Amino acid sequence: MATLDRTDARRRTLLKALALGPLGPALAGSPAAAATEARTLAFHHTHTGERLEVVYYAHGGYLADALDRVDRLLRDFRTGERHPIDPRLLDTLCALGLACGGGTFEIISGYRSPGTNAMLRRASTGVAEHSLHTVGHAIDVRLVGTPTARLRDAAMVLGRGGVGYYPGSDFVHLDIGRVRTWGPRTG
């Protein structure tokens with residue numbers, strides 16, 4: 001059993017290093033790295049067909065115009081309502097993209113208005129009453145070319161917030177709330 005524990009610990013350490021990748025120092029708060037690292041994300045919204053590739057952070061700061069473009073893309077696609085997406089969520093996506101080899105994030109759900117969230121709660125199970133989607137702190141995604149189980153594993157190692165795994169619908173929920181996980185562990 002001790003060998004298994006050591007192997008598991010080594011695997012977690014390796015996954016954490018991979019999850020942080022070259023973005024690790026910038027996201028960990030190194031001022032020198034933060035000033036030189038540009039952060040880019042590519043998105044494809046599965047419901048609207050919209051695409052966006054954007055540098056949202058450069059020269060030591062978040063770019064207001066880029067954040068506005070992200071907010072527009074991640075709006076509640078059912079109502080058109082917009083809400084600011086927390087840049088920490090974008091940083092999590094960026095780190096995960098790097099850890100998994102890059103690619104385009106397919107958006108299943110970004111911001112959800114309270115009305116949309118209430119409608120989804122009535123129509124199905126598993127939708128939180130006070131969902132972090134309603135405050136721009138959560139997103140449901142896939143990463144093109146990366147199995148969702150691998151994306152889930154990298155997000156869990158990163159340990160930045162909630163990670164929900166939905167293999168039947170083939171997406172991962174990510175949020176910047178407290179660290180927690182749900183969904184099947186196999187895959």
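Residues numbered from 1 in each chain as written. Predicted model: local features only at pLDDT ≥ 70, side-chain atom pairs only at ≥ 80, totals over all residues. Heavy atoms only, no water.

Okay, the pairing of strand β5 (residues 138-143) next. Most of β5 is tucked away: six of the six residues are buried. Side-chain alternation along β5 places A138, D140 and R142 on one buried face and I139, V141 and L143 on a second face that is also buried. As paired elements, strand β4 (residues 105-109) and β5 share four bridges and run antiparallel to each other. For I107, the partnering residue across the bridge sits in β5 and is V141. Here four bridges tie β5 to strand β7 (residues 171-175), and the two strands are oriented antiparallel to one another. Pairing of I139 across the sheet is with L174, part of β7. (Buried < 20%, exposed > 50% of the residue type's maximum accessible area, 1.4 Å probe, protein only. Helix = DSSP H or I, 4+ residues; strand = E, 2+ residues; numbered from the N terminus. Pairing = 2+ DSSP bridges.)

To describe a pair of aromatic rings, one takes the distance between the centres and the angle between the planes. Applying the stated criterion across every chain yields a total of three aromatic pairs. Each ring, one from Y56 and one from Y62, has its centre 6.2 Å from the other, and the planes form 20 degrees; the classification is stacked. When the centroid spacing of 4.7 Å and the interplanar angle of 20 degrees are considered together, the rings of Y166 and F171 count as stacked. Of the residues examined, Y166 reaches a relative accessible area of 27% and is grouped as partly exposed. Taking relative accessible area as the criterion, F171 reaches 12% and is therefore assigned buried. One residue, R39, lies across the ring of Y57, its end atom 3.7 Å from the ring centre. In this arrangement the basic side chain of R152 is found over the ring face of Y165, its NZ or CZ atom lying 4.4 Å from the centre. (Phe/Tyr/Trp six-rings, centres within 6.5 Å; stacked < 30°, edge-to-face > 60°. Lys NZ or Arg CZ within 6 Å of the ring centre and 35° of its normal.)

Another point: the sheet that holds β5. Reading across the sheet, the eight strands line up as β3-β2-β1-β4-β5-β7-β6-β8 and stay open at both edges, with mixed pairing between neighbours. Each edge of the sheet is formed by a strand with only one pairing partner; in this case those strands are β3 (61-62) and β8 (180-182). Note that strand β6 (residues 162-166) and β8 share three bridges and pair parallel. Within β8, the position partnered with G164 by the bridge is W182. Against the sheet, helix α4 (residues 64-73) engages β1 (39-45), β2 (51-58) and β3, with an angle of about 145 degrees to β2. Helix α7 (residues 148-158) rests against β4, β5, β6, β7 and β8 of the sheet, and its axis sits at about 165 degrees to β6. (Contact = heavy atoms within 4.5 Å. Axes fitted to C-alpha atoms, helices over the stretch in contact; angles between N-to-C directions.)

For α7, the buried fraction is high: eight of the 11 residues fall into the buried class. Among the residues of α7, T148, A149, L151, R152, A154, A155, V157 and L158 are the ones counted as buried. Within two residues after α7, G159 carries a phi angle of roughly 65 degrees, on the positive side.

A separate point is the environment of R142. By the element assignment, R142 lies in strand β5. Using a relative accessible area of 19% as the deciding quantity, one classes R142 as buried. Along the primary structure R142 and T46 are separated by 96 residues, whereas in three dimensions their C-alpha atoms are 10.0 Å apart. Sequence-distant contacts of R142, defined by excluding residues within four places in its chain, comprise T46, T104, F105, E106, I108, T148, L151, S169, D170 and F171. A polar contact of 3.2 Å, which involves the side chain of R142, links it to the backbone oxygen of D170. (Polar contact = N/O pair within 3.5 Å; in protein donor to acceptor, adjacent residues only side chain to side chain.)

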